[in-house]
Amino acid sequence: MADSTRRFQAPKGTRDFYPEEMAFRRHIESTWRAVSIEHGFDEIEGPAFEHLDLYTVKSGEGIISELFSFTRAGGDVPYALRPEFTPTLARMYASRANSLPVPTKWFAIPTHFRAERPQRGRLREHVQWNIDMIGDPSANADAEVLATCIGVLDRFGLSARDMRVRLSHRDVITLALQNAGVQQPAMQATFELIDRREKMGQEAFQEQAMTIGLEASAIDRIEALARTTADASEDPCTILEAIGVGADAGEPLRQLQACLEAYGLLDWCTWDFSIVRGLAYYTGMVFEVHEATGSERAVAGGGRYDNLIELFGGPPTPACGFGMGDVVLGLVLKDRCGDSQVDSMPGPDAFVICDHDDESMLVQRILASLWKHRLHARRSYKSTRNVGKLLADADRCGARFTVLVSSDEPEGSVVLRDMQSKNQESISIDQLAGCIRSRLSATGD
RNA sequence: GCGAUCGUAGCUCAGUCGGCUAGAGCACCUGGUUGUGGUCCAGGGGGUCGCGGGUUCGAAUCCCGUCGGUCGCCCCA
């Protein structure tokens, strides 16, 4: 009803970002961006909606129920808000594949949308950092992508004790399943079953395994496979033996291990063959990053997808990458790092207050001068002339310096107070901005 | 799409076997007339008790529906 007193709410599963939440979001995004660039990735962005076909090509018609899809009023072309970035990435890469360098290293920090019911760690709108290394089939590329992921965790102050990078490999699992007697037609369904294993009961697992058509002996071996974990520093051959695969199949694991060792990442990583990723398009290394206690959903997930660019009309091109969403990451950061990362509102360099009725617009002139010198300057809007309250106002917003326009001061000068040392001195207005600037650089602020 | 649970001020909550004009703390604003950092004192703004319907003399309170939040299922990019 178009009631004039109607109260509007944000749509289900979306978030409003007030200044504190926005500061936290920017903290996450700027960390993603900085680490991506340091690791040699270039930022890209695409449209927030695409032709619906782009998403059904890869995932089939079944995906539609989980998308926000629509047509233009009066139009008949179906569109969808993007539920993931990979199709856009593949489309962008495919249309310029011939002129792009090898490898092409791209990242993006787009918003994504999905129509399902929200739950812990999964909302209808979220921001997801995407890293992709395209055109390089080597284990080094896998490791570089992992290095970037772990680089971000480290930058957030998380350690190898806080987080676990669980590594697996589609080829190795496929071999193990074949040796266990799983027929090719049942392979993808078996992957999906393993992917869901952790949240299923023993009986449910058995039951669904039977439904797929797996034999009892195969089910036992799959369970053993999914329980197999080992430190990433362990010899892959030993692990392969445990899951019934010949040691010669372990070459990809050995290469990956060697690269991870060189990048100094082994501490973070664990071989874990319960990780398969449900998606059909992964072809090699796959991984997920979890909080160490396992109490949250995956913070990040990805792997190698050597057939995907081709599927979207590009030349056959190997690629690997991952996504990291802001929702689960935010939960983990708040839980493990406390307020130091949450409170990241920028405090002003200078805060201007005035202890009398200012009829000469001096506060405005001072602000203009500070802004002109690219200082972060704010003022008090309180009407009180009580300096104690005005200083409290400056303190509350985290000001580094306070500029006091005082009737006690001679014409053309103000009091500059250092809010950390509490020292203050009289200073000419002409020299104010330069003085603040030089003191900020002297203290490294 | 399905299930459980919750919904009183910006936030955290009290009030509810149906009964005065719906409260507190925090936050916000103002004053405490020369005062230098979240203190203290006083005052103020802010709620159609999520919304709609029903029962009743009377509903924040009981019933139904709906919209949202949370948690889970399905699915997971």
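Conventions and cut-offs
Residues numbered from 1 in each chain as written. Chains lettered and ligands numbered in written order. Predicted model: local features only at pLDDT ≥ 70, side-chain atom pairs only at ≥ 80, totals over all residues. Heavy atoms only, no water. Helix = DSSP H or I, 4+ residues; strand = E, 2+ residues; numbered from the N terminus. Buried < 20%, exposed > 50% of the residue type's maximum accessible area, 1.4 Å probe, protein only. Phe/Tyr/Trp six-rings, centres within 6.5 Å; stacked < 30°, edge-to-face > 60°. Lys NZ or Arg CZ within 6 Å of the ring centre and 35° of its normal.

## What to know about unusual backbone geometry
- Of note, the bond from Val102 into Pro103 is cis; its omega dihedral lies within 30 degrees of zero at -5 degrees.
- As for its position among the elements, Pro103 is in the loop between helix 3 (86-96) and strand 5 (104-108).
- Notably, Met361 is not glycine yet its phi reads approximately 60 degrees, a positive angle.
- Here Arg374, not a glycine, exhibits a phi torsion of approximately 60 degrees, which is positive.
- Mapping Arg374 onto the fold places it in the loop between helix 14 (362-372) and strand 15 (377-379).
- Looking at Arg374, the relative accessible area reads 74%, which means it is exposed.

## Examining the packing of aromatic side chains
- Applying the stated criterion across every chain yields a total of 9 aromatic pairs.
- Residues Tyr281 and Tyr282 carry aromatic rings whose centres are separated by 4.9 Å and whose planes lie at 45 degrees to one another, so their mutual orientation is tilted. The same class applies to Tyr281 as to Tyr282, namely buried.
- Cluster of aromatic residues (ring-pair linked, three or more members): Trp32, Trp129, Phe287 and Phe322.
- Of note, Arg170 hangs over the ring of Phe191, and the distance from its end group to the ring centre comes to 4.2 Å.
- Over the aromatic face of Phe401 sits the side chain of Arg400, whose NZ or CZ is 4.7 Å from the ring centroid.

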